Amino acid sequence: MPHILQPSENERFRPTLNTDGRPHPVENILAVATLSLGLVAFVATFFPGGHVVASWAGALGFGTGLYSQYISATTAQRALNIVGLVAAFVGVALGIARGGFLP
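Residues numbered from 1 in each chain as written. Predicted model: local features only at pLDDT ≥ 70, side-chain atom pairs only at ≥ 80, totals over all residues. Heavy atoms only, no water.

A.B. asks: I tried to follow the packing of helix H2 (residues 25-44) against helix H3 (residues 51-71) on my own but got confused; where do I start?
C.D. replies: Between two packed helices, both the angle of their axes relative to each other and the distance between the axes serve to describe the pair. Following both chains from N to C, one finds H2 and H3 inclined at 155 degrees, their axes separated by 8 Å at the closest point. Classified by the angle between their axes, H2 and H3 sit roughly antiparallel to one another. Note on packing geometry: the crossing formed by H2 with H3 is left-handed. Of the residues in H3, those touching H2 at Val-26, Glu-27, Leu-30, Ala-31, Thr-34, Leu-37, Val-40, Ala-41 and Ala-44 are Val-53, Ala-54, Ala-57, Gly-58, Leu-60, Gly-61, Thr-64, Gly-65, Tyr-67, Ser-68 and Ile-71. Considering only residue class, the contact of H2 with H3 consists of 13 nonpolar, 6 polar and 1 charged. (Axes fitted to C-alpha atoms, helices over the stretch in contact; angles between N-to-C directions. Helix = DSSP H or I, 4+ residues; strand = E, 2+ residues; numbered from the N terminus. Parallel < 35°, antiparallel > 145°, perpendicular 65-115°, else oblique. Left-handed = near helix turned anticlockwise from the far one by under 90°. Contact = heavy atoms within 4.5 Å. Nonpolar A, V, L, I, M, F, W, Y, C, P; charged D, E, K, R; others polar.)

A.B. asks: For this particular structure, what's the right way to read the environment of Phe-42?
C.D. replies: The residue Phe-42 is located in helix H2 in this model. Distance from Phe-42 to Val-86, taken between C-alpha atoms, is 9.3 Å for residues 44 residues apart in sequence. Excluding anything up to four places from it in sequence, Phe-42 contacts Ala-87, Val-90 and Gly-91.

A.B. asks: Got a minute to help me understand the environment of Gly-99 in this structure?
C.D. replies: Structurally, the position occupied by Gly-99 is in the segment after helix H4 (75-97). In this structure Gly-99 comes out as partly exposed when scored by relative accessible area, which is 45%. Measuring from C-alpha to C-alpha, the distance between Gly-99 and Gly-50 comes to 9.2 Å, with 49 residues separating the pair along the chain. (Buried < 20%, exposed > 50% of the residue type's maximum accessible area, 1.4 Å probe, protein only.)

A.B. asks: Would you mind going over the side chain of Ser-72 with me for this structure?
C.D. replies: Structurally, Ser-72 can be placed in the loop between H3 and H4. Judged by its relative accessible area of 9%, Ser-72 is buried. A polar side-chain atom of Ser-72 sits 3.1 Å from a polar atom in the side chain of Arg-78. Not counting residues up to four positions away in its chain, the partners in contact with Ser-72 are Glu-27, Gln-77, Arg-78 and Asn-81. (Polar contact = N/O pair within 3.5 Å; in protein donor to acceptor, adjacent residues only side chain to side chain.)

A.B. asks: Help me out: how do you make sense of the packing of H2 against H4 in this one?
C.D. replies: Between H2 and H4, the shortest axis-to-axis distance is 7 Å and the interhelical angle comes to 30 degrees. Classified by the interaxial angle, the pair formed by H2 and H4 is roughly parallel. Our pair here, H2 against H4, has a crossing hand that is left-handed. Together, Glu-27, Asn-28, Leu-30, Ala-31, Val-32, Thr-34, Leu-35, Gly-38, Leu-39, Ala-41 and Phe-42 of H2 and Gln-77, Leu-80, Asn-81, Val-83, Gly-84, Leu-85, Ala-87, Ala-88, Val-90 and Gly-91 of H4 make up the contact between the two elements. A breakdown of the residues in the contact of H2 with H4 according to their chemical character gives 13 nonpolar, 7 polar and 1 charged.

A.B. asks: Hey, could you run me through the packing of aromatic side chains in this one?
C.D. replies: Where two aromatic rings form a pair, the distance of their centres and the angle of their planes describe that pair. Taken as a whole, this structure holds 3 aromatic pairs when the rule is applied. Here Trp-56 and Phe-101 contribute two aromatic rings whose centre-to-centre distance is 4.9 Å and whose plane-to-plane angle is 65 degrees, an arrangement assigned as edge-to-face. Placement of the pair is Trp-56 in helix H3 and Phe-101 in the segment after H4, with a sequence separation of 45 residues. Given the relative accessible area of 46%, Trp-56 is considered partly exposed. Between the aromatic rings of Phe-62 and Phe-89, the centroid separation amounts to 6.1 Å while the plane-to-plane angle is 45 degrees, which identifies the pairing as tilted. On the criterion of sequence distance, the pair formed by Phe-62 in helix H3 and Phe-89 in helix H4 is long-range, its members being 27 residues apart. Owing to a relative accessible area of 31%, Phe-62 belongs among the partly exposed residues under this scheme. (Phe/Tyr/Trp six-rings, centres within 6.5 Å; stacked < 30°, edge-to-face > 60°.)

Below, the structure written as structure tokens:
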């Protein structure tokens, strides 16, 4: 029974969003897009003129994340969605507070 507790020697760890064993290409793309837009929005808030990018990327990331969370199929996708949604929300909130959607 010890082989159940640890992975075998020839089995490598591979991170995947398809933890149920079935492919979900649309859900995976939306989850990664949500995370990417959220990170762009969050990082853009650190630059003086980045409020426009932060506002738009955050708003798009938040909308994409809500839809992606609605259609997600696995727990790994939902985890990426939540991280992306939080980053997008913080980015859009700080972007609006620092100047909004227009330059």
